[in-house]
Amino acid sequence: MSGVLRRLAVSGAGILGSTFIVFALLRVLPGDLATAKLGTDATPEALQRLRSEYGLDKPLFTQYVQWLGNAVRGDFGSSLMSGSDVGSDIVSRLDVTLPLVVASSLLAVMAALWLGQRSALQRSNWKSVVLTLASQIGLAIPIVVLGIVAVVIFAVWLRILPAGGFPVDGWRATSGAIRSLVLPVAVLSLSQAAMLTRFARSEALDFIASDTYRTARATGMTKPQSISTARRLLLVPVLGVLALQISTLIVGAVVVENVFALPGLGAMLIRDIAARDYLKVQGSLLVVTTIVFAVQFATGVLQDRLDPRRRTT
Amino acid sequence: MKRLLAALTATCIAVVGCSAQSDSSTDDTTVTIGFTLEPTSLDISGTAGQAIPQVLLDNVYEGLVRASDDGSISPALAESYDVSADGLTYTFSLREARFHDGRELSPDDVVWSLSRLLDDKSTTILPTQLAQFARVNSVTAAGNVVTITLSERDNDFLYSLSQRGGVIFKKDASDFANSANGTGPFVLTKWDKGNSITLDRFDTYWGRRSDSKTVVFRYFADASALSNAMLAGDIDIMTTVQSPETLEVFESRSDLKVLSGSTNCEVTLSMNNSRAPFNNVAVRKAVRQAIDKSALIDVAWAGYGTEIGSFVPPTDPWFEDLTDVAPFDVDASRDALVSAGVAPGTPITLDVPPINYATNSSEFIAAALKDVGFSVTITPVTWEEWLDRVFTKADYDMSIVCHIERNDMAIYANPNYYFRFDNADYRELITAASAASTSEERTAALRGAARLLSEQSASDWLWLMPNLQVAKRDVAGLSKNAVGDSYYAARIERV
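Residues numbered from 1 in each chain as written. Chains lettered and ligands numbered in written order. Predicted model: local features only at pLDDT ≥ 70, side-chain atom pairs only at ≥ 80, totals over all residues.

Engineer: Tell me about the overall build of chain B, residues and numbers included.
Structural biologist: Looking only at helices and strands, one finds 14 helices and 20 strands in chain B. Its C-alpha atoms give chain B a radius of gyration of 26 Å, within 12% of the compact-globule value 23 Å for 495 residues. By principal-axis analysis of the C-alpha atoms, chain B measures approximately 105 × 55 × 35 Å. For chain B, the residues scored as buried account for 46% of the 495 residues in total. Counting only contacts in chain B whose residues sit at least 6 apart along the sequence, the fraction spanning at least 24 positions is 70%. (Helix = DSSP H or I, 4+ residues; strand = E, 2+ residues; numbered from the N terminus. Rg over C-alpha atoms; globule rule 2.2 N^0.38 Å. Buried ≥ 20, exposed ≤ 12 C-beta atoms within 10 Å, placed from the backbone. Contact = placed C-beta atoms within 7 Å.)

Engineer: Go over the interface of chain A and chain B with me, naming the residues and quoting the values.
Structural biologist: In this complex, chain A contributes 36 residues to the contact, which on the side of chain B involves 30 residues. For the side of chain A that touches chain B, the elements supplying multiple residues, two or more each, are helix H2 (33–38), helix H3 (44–53), helix H5 (86–121), helix H7 (143–157), helix H12 (254–259) and helix H13 (265–274) of chain A. When residues of the side of chain A that touches chain B are assigned to their parent elements, the largest contribution, 5 residues, is made by H7 of chain A. Of the residues assigned to the side of chain A that touches chain B, the class counts are 21 nonpolar, 8 polar and 7 charged. (Nonpolar A, V, L, I, M, F, W, Y, C, P; charged D, E, K, R; others polar.)

Engineer: Provide a residue-level description of the domain arrangement of chain B, including the pertinent values.
Structural biologist: Residues and elements named next belong to chain B. Partitioning chain B into structural domains gives domain 1 (27–60 + 184–261 + 468–495), domain 2 (62–172) and domain 3 (266–465). Taken together, the contacts link 18 residues of domain 1 with 19 residues of domain 2. Broken down by class, the residue content of the side of domain 1 that touches domain 2 amounts to 8 nonpolar, 7 polar and 3 charged. (Domains from an automatic or database assignment.)

Engineer: Describe the packing of helix H8 (residues 281–290) of chain B against helix H10 (residues 330–339) of chain B, with residues and values.
Structural biologist: Residues and elements named next belong to chain B. Relative to each other, H8 and H10 sit at 155 degrees, their axes nearing to 8 Å. When the axis of H8 is compared with that of H10, the two are roughly antiparallel. Pair H8 / H10 crosses with left-handed handedness. Contacts from Ala282, Val283, Lys285, Ala286, Gln289 and Ala290 in H8 reach Val330, Ala332, Ser333, Ala336 and Leu337 in H10. Of the residues belonging to the contact of H8 with H10, the class tally is 8 nonpolar, 2 polar and 1 charged. (Axes fitted to C-alpha atoms, helices over the stretch in contact; angles between N-to-C directions. Parallel < 35°, antiparallel > 145°, perpendicular 65-115°, else oblique. Left-handed = near helix turned anticlockwise from the far one by under 90°.)

Engineer: Outline unusual backbone geometry, supporting the account with residue identities and numerical values.
Structural biologist: For residues besides glycine, phi is generally negative; the peptide bonds are generally trans as well. The omega angle of the peptide bond from Ala276 of chain B to Pro277 of chain B is 0 degrees, so this bond is cis rather than trans. For Ala261 of chain A, which is not glycine, the phi torsion reads 50 degrees and is therefore positive. Checked against the element boundaries, Ala261 of chain A lands in the loop between H12 and H13. Residue classification places Ala261 of chain A among the buried residues on the basis of 31 C-beta atoms within 10 Å. Its identity is not glycine, yet Ala394 of chain B carries a phi of approximately 50 degrees, on the positive side. Mapped onto the secondary structure, Ala394 of chain B falls in the loop between helix H12 (383–392) and strand E16 (398–403).

Engineer: Describe the domain arrangement of chain A, with residues and values.
Structural biologist: Residues and elements named next belong to chain A. Looking at chain A, the domain boundaries give domain 1 (2–72) and domain 2 (88–311). On a C-alpha basis, the centroid separation for the pair domain 1 and domain 2 is 32 Å. For the side of domain 1 that touches domain 2, the secondary structure elements donating two or more residues are helix H1 (2–28), H2 and helix H4 (60–72). Ranked by residues supplied to the side of domain 1 that touches domain 2, first place goes to H1 with 10 residues.

Engineer: So what's going on with the sheet that holds strand E5 (residues 89–94) of chain B? Residues and values would help.
Structural biologist: Residues and elements named next belong to chain B. Overall, antiparallel pairing links the 4 strands, which are arranged E4-E5-E7-E6 in an open sheet. Lying at the two open borders of the sheet, with one neighbouring strand each, are strand E4 (78–83) and strand E6 (136–142). Between one strand axis and the next, the sheet turns through 15 degrees on average, direction left out of account. In terms of strand pairing, E4 meets E5 through 5 bridges, oriented antiparallel. (Pairing = 2+ DSSP bridges.)

Engineer: Explain the pairing of strand E7 (residues 145–150) of chain B to me, and be specific about the residues and the numbers.
Structural biologist: Residue and element names in this part refer to chain B. Burial along E7 is one-sided: Val146, Ile148 and Leu150 are buried, while Val145, Thr147 and Thr149, pointing the other way, are not. The pairing of E6 with E7 spans 6 bridges and is classified as antiparallel. Considered in E7, the bridge of Ser138 is made with Thr149. Count of turn residues in the E6/E7 antiparallel hairpin: 2 residues, of which Gly143 carries a positive phi of about 60 degrees.

Engineer: I'd like a description of the packing of H7 of chain A against helix H8 (residues 174–208) of chain A, backed by residues and values.
Structural biologist: Residue and element names in this part refer to chain A. Between H7 and H8, whose axes approach to 10 Å, the crossing angle comes to 140 degrees. In terms of their interaxial angle, H7 and H8 are classed as oblique. Helix-helix and strand crossings are classified by hand; for H7 and H8 the assignment is right-handed. Contacts between H7 and H8 involve Ile143, Leu146, Gly147, Ala150, Val151 and Phe154 on the former and, on the latter, Leu183, Ala186, Val187, Leu190 and Ser191.

Engineer: Give me the sheet that holds strand E10 (residues 214–219) of chain B: which residues, what numbers.
Structural biologist: Residue and element names in this part refer to chain B. Pairing within the open sheet is mixed, and its 7 strands lie in the order E8-E9-E10-E1-E11-E18-E12. Strand pairing shows two members of the sheet lacking a second neighbour, strand E8 (186–192) and strand E12 (256–261), which therefore form its edges. With 5 bridges joining them, strand E9 (residues 196–201) and E10 adopt antiparallel strand pairing. Paired with Asp200 across the two strands is Thr214, which belongs to E10.

Right, dumping it as structure tokens:
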């Protein structure tokens, strides 16, 4: 239990620290909200007036503490650029990004575990060579290329799926929403699976070389049966890698979001950074870091449960 | 029985009313238009960025006057207007119109909206708009006539009124960033951020109602995603083709058409007029004669540019085809360089900023200039370096950039501008144009200025950037040119 508490404390400190870093980095960027809003030919006086109107001329520390105090209470403020509520803007984007990232990650893990074990068992077989080659290629092809090829095949030639976009009514247009996520999820899970398969394979190879496996085989179990006794153990390192991938994907999915014109969180973040919409960027990144820490936390707890040996440390 | 009759009559009226509405000029279709830049806010007068007026101006908001696709000014919320002989007093008679929330337009709305531009300390109005309206003295109303007085003549004032600064809001409107209550042919019904803006036909519009019931402006952060959406048939119109080499794909499709219109963007090969050898007009002319523009346009822009021969787009009234002032002629170019004393192998540097029209044409230009005796070094530069060294300090020989501002001939009248073109006659013509009391006088002065500029070969003008769009074959009514701030959608329909 103390392990869980320690993890929580570390996560909390990490989140707090990252809010400060984000706040500071945004202020270091050249240009500010006033220049983004009024354009390049604004006079210094006009810029100054706008800054004082938005409280951007107050001491930085005061601005930070004020923002943090509100954010902790769940009030992320309103966008300095459009005046819309930052919290609901973020939620509407997570509506797209979370299903995309979660669905593609789950698919990738399932595929990786199966393929990894398969190719480990058939080390010297041509199927294994094909699998290894496929995962190499999967790693080598940039996700943008994969996405464009998928669009050209399924949307432009076959015309069975949309080339991109998301229904204006969001998830209320359920079938439309699912249809628009099919290709992005497939592309994103392919590229994740390519990497995860290699991890799963090398873990499975280690296991095959172990005494446990040999014992299992000696009791008369078939190869697949023997390896499935270690499924829980194989999952542990794969989960670790997966957690890292999910963390990068919350924002990193922007590559896929742009190729498929999806209104996701990463796409919004990039625009807001360009517009120097401080409150929105800070709010979005606070949510992102919280998700990242939550994923790491959950993974740690899950790994402890899966592998009893980890609990003693 | 009476009640039954009444009910029947009501049904009849409803039915007749219904069928009368679906006349041939309007249909109930949705047209989806693809763009690359999404607005950051709906605040048309207070937030910079081309994407805001693109969707809102003339579609959702209107001004007293409107600039048409060909650049001409026509009445909009003003039924008619009049300009006094001294050019200082403008009177506008308002028409009967309604805001989207149902209230009727009143002269107070006009006075309130335009008076916002008179406070030069305002932070809710863009500085560029404040500058355009800096000469306005007063905005007053009497009856349905609005009078605007200026402190000095401004030949561009009607145009300024037709653009984003001149839109008419409902008096005391406040939430500009998130809502748009205009008088235009479309009601803004939904902004799905990061995705699209939906405009629906405004049924009680004062003028001809929009031809499509719904127009969706869809935004693609990625240009190839936009192309794919067009190829897949997800959108009806693609408003920008960012790399002309992709046009072949669209041209090969029988269900699509490529439209080419005009812009204000002159791709300019600048020569530093203050530096040898380009301080000699004969050398500058020789440079222009060395470059085969039509071949260049084929190579660099898939054949879609227009040769202009000076610094004026064909949509301006003072345009004149000046391509014959320095026509392509390699022999004439070589001879001129010899008699100007330019030694063969004279080294010059071409600074190329990182943008496709410049990079696509630099090799061609370098080869053409080598052919007549220059030794050309191509130097790729970042935009930061270009702004600092080329634009601000004018420390360069030659460069390529597209000058996009409207009516920007005055930049050649500034001897410190990076062209370093210093010509008193030209300055006089530009001054005469802005002081002209009739549009004929102004046009004559600017036409003279454009000719002088070309005769002096102040720069070379490679081509006028086309406005390239792709549309489904059954879509009609698009604005072909991109010369104003608005993307007018009311005439777009499926046929």
